[in-house]
Amino acid sequence: MLEVQHLHKVYPNGTVALTDVNFTVNDGEFLVIIGLSGSGKSTLLRCINRLIDPTAGKILWDGVDVTTAPAGELRRIRRQIGMVFQQFNLVKRSSVLTNVLAGRLGYANPYLSLLGIWPPAERERAQRALTRVGIADKAASRADALSGGQQQRVGIARALMQEPKLILADEPVASLDPVLAHSILQYLEQLNREEKITVICSLHFLDLVHRYATRVVALKDGQVVFTGLPQEIDRARFKEIYGEEAIEVRAGMAES
Amino acid sequence: MNSPARGAKLPRALRTILIVIGVLVAYVIAYRGSEVDFPRLIGSLGKGGPLMQDFLTPDLVTREIQPVTLQLALPVPCGSAPEGEVPASGPRLVPGVPCAELRDKFTVEGIDLAPNTELQLRWRLPSDQYFPGPFISTDADGHFSAEFEARPIVATKDGVPSKIEVELLVPVGGPKPSAAVFEVLDAIIVTIFMALVSTTAAVVVAVPLSFLAARNITRRGRAGTAIYYITRTTLSVFRSYEPIILATLFAFWVGFGPFAGAIALAIVTVASLGKLYSEAVENIDPGPMEALTATGANRLQVVLYGVVPQIVPDFLSFTIYHWDINVRISTIIGYVGGGGIGYYLAQMINTSQNNKAGTAIWAIVVVVWAMDFLSAEVRKRLA
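Computed from a predicted structure; not experimentally measured.

S.K.: Is there a simple way to explain the confidence of the model for chain B in this structure?
M.R.: For residues with low pLDDT, the predicted coordinates do not support detailed interpretation. On average, residues of chain B carry a pLDDT of 85, and 97% of them reach 70 or more. Two summary scores accompany this predicted model of the complex, namely pTM at 0.70 and ipTM at 0.91.

S.K.: How do you make sense of helix H1 (residues 41–48) of chain A when you look at a structure like this?
M.R.: Because each turn of an α-helix spans 3.6 residues, side chains separated by three or four positions end up pointing in the same direction. Residue and element names in this part refer to chain A. Most of H1 is tucked away, with seven of its eight residues classed as buried. Of all the residues in H1, the buried ones are Lys41, Thr43, Leu44, Leu45, Arg46, Cys47 and Ile48. Backbone geometry just after H1 places arginine 50 at a positive phi near 55 degrees.

S.K.: In this structure, what is going on with helix H10 (residues 299–338) of chain B? I would like to understand it.
M.R.: All names here are of chain B. In a regular helix each residue adds 1.5 Å, so 40 residues correspond to 58 Å; H10 covers only 42 Å between its end C-alpha atoms and thus falls short of that length. Helix geometry: H10 is bent most strongly at valine 308, by close to 50 degrees, with proline proline 309 lying one to four residues after it. Glycine 339 lies just past H10 and shows a positive phi near 80 degrees.

S.K.: It is not clear to me how the packing of H10(B) against helix H12 (residues 354–382) of chain B should be interpreted in this structure. Could you clarify?
M.R.: The packing of two helices is summarised by the inter-axis angle and the distance between the axes. Residue and element names in this part refer to chain B. Running from N to C, H10 and H12 point in directions that differ by 175 degrees, and their axes come no closer than 9 Å. In terms of orientation, H10 and H12 fall into the roughly antiparallel class. Residues Pro313, Leu316, Ser317, Ile320, Tyr321, Asp324, Val327, Arg328 and Thr331 of H10 touch H12, and the partners they reach there are Ile364, Val367, Val368, Met371, Asp372, Ser375, Val378, Arg379 and Leu382. Counted by class, the contact of H10 with H12 contains 11 nonpolar, three polar and four charged residues.

S.K.: What should I look at first to understand the pairing of strand S3 (residues 105–111) of chain B in this one?
M.R.: Remember that side chains alternate between the two faces of the sheet whenever the strand is regular. In terms of strand pairing, strand S2 (residues 92–95) of chain B meets S3(B) through four bridges, oriented antiparallel. Paired with B:Val94 across the bridge in S3(B) is B:Glu109.

Scoring rules and cut-offs
Residues numbered from 1 in each chain as written. Chains lettered and ligands numbered in written order. Predicted model: local features only at pLDDT ≥ 70, side-chain atom pairs only at ≥ 80, totals over all residues. pLDDT = per-residue confidence, 0-100. Buried ≥ 20, exposed ≤ 12 C-beta atoms within 10 Å, placed from the backbone. Helix = DSSP H or I, 4+ residues; strand = E, 2+ residues; numbered from the N terminus. Expected span 1.5 Å × (residues − 1). Bend = angle between axes of the 7 residues up to and from the residue. Axes fitted to C-alpha atoms, helices over the stretch in contact; angles between N-to-C directions. Parallel < 35°, antiparallel > 145°, perpendicular 65-115°, else oblique. Contact = placed C-beta atoms within 7 Å. Nonpolar A, V, L, I, M, F, W, Y, C, P; charged D, E, K, R; others polar. Pairing = 2+ DSSP bridges.

Shown next as structure tokens:
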């Protein structure tokens, strides 16, 4: 269980990114965070695994406060939390397999991993993760030789290497076309349902929110303006969250 | 509305004029300071000419020289022995008479000998001793003509005639690289390897320093910021030293020679590569670092897996580029006593062996060009 309590973030240049954010995520949820660009979605996700240090507030991960965890403890927390990024964040010049193996760094023997030595069991695990996202044959390719959708699948395989209890997905499909968007989100949904991995995902398109979310948190100017079920977001709510002039844009795929 | 705009315009025009005047004054001072003297440049062309010619005709080939004795039997008196046969071509002696009586005077010609050389004409007696004749000089075509006398001592004895004889130095065999070529080759290899050693040593030091001097790696917390600024400043300070000045300093310290030059070069290269490398590190895509940090990897792991693969091509390219630069610099360092081809060149110029200096100059040109070409090719491949 993840509890976010009174979270504040003010950047050194004075930008207020989050103001008194409170919500709870139960195990097994597919929580979608929505909001305009700059509403604080990315900051919120990065505070959860402390890629960004919050200014005030608490984040309890299974009862342990992430915000005050010392370095070693923080790394142990981080390795239980996979993360998927809008820009995939792969090492472009490295092979797909190396990118996936890198997801295991938090568990690996630090000295052997620095020499680039990986036990056969870990290599097999990486190969299985790639099979799982359907690109087993790309293991030896350079990461930048893959298409956007394939790169994001490498990103998911890398997160899988962590055997995560929680996956944070920061706009995972914003750089992809609608067809690919669904295929990527279906992988996340599958992990959520079959492996009981909690997913916290920020999304742009309302139809995707309706299709995948089990619960929604909406941010506006760094504040939570809505928490509830996806069906509850009607036109009125939508205008509240995105402003009066917003027009609902659909990702364009027929929903099944 | 108009007046403030006009008020702002006038000073701006004035400022432009002042800047133009300032620049002009700077150029006048610069022109006088560098003692520009075009008439002398043109008028003294003759002084530079021969030197230039020497430089342009490097000492490259040599031929092996062997003493060769030309002989021709000349019976005295006539009929006392068979007459010698004059060959049709090649270096040869041609006497005015096929044989001579005692006390006869006759001319002897030499044809196709070494030009402008001093020789001694002599008699080879039947006893195998020789009797010296006049010293003669060949002309530009390798020809001479001299008067010779048949003294009683040269008379035929037991049917063996005396021979007229001249000793020549004749080049034999094909052209070979001259000694200068080998000396230059030795020296330029010293230079190339001096550059290689100093560049390699510099890389070993510069790589870790560059990470410390990279904002995105080091500048975290107070200690990190301090380390970042200290490293940056140190690199800047060392980069401002001219390698020649450092080389002179180290020459007094460890003695003149390639070692002093290599140390000087290494120090400057550390500073320069450290800066270039750190900028490459600062320009990486931060995404992978973020992603690997999120997996629970430690900082060293993040750098090795997330940063190093991104910077390897840049680092290699900068290193090769700097080796190329260092070959050039070490030539100049050599000139002030740092050994290698520069030192050789200085020695040759100081002892007026201008053809050998020319050989060195050509070698430098070829090597610098080759390094430039190679480094450009390799960098093209890495891009």
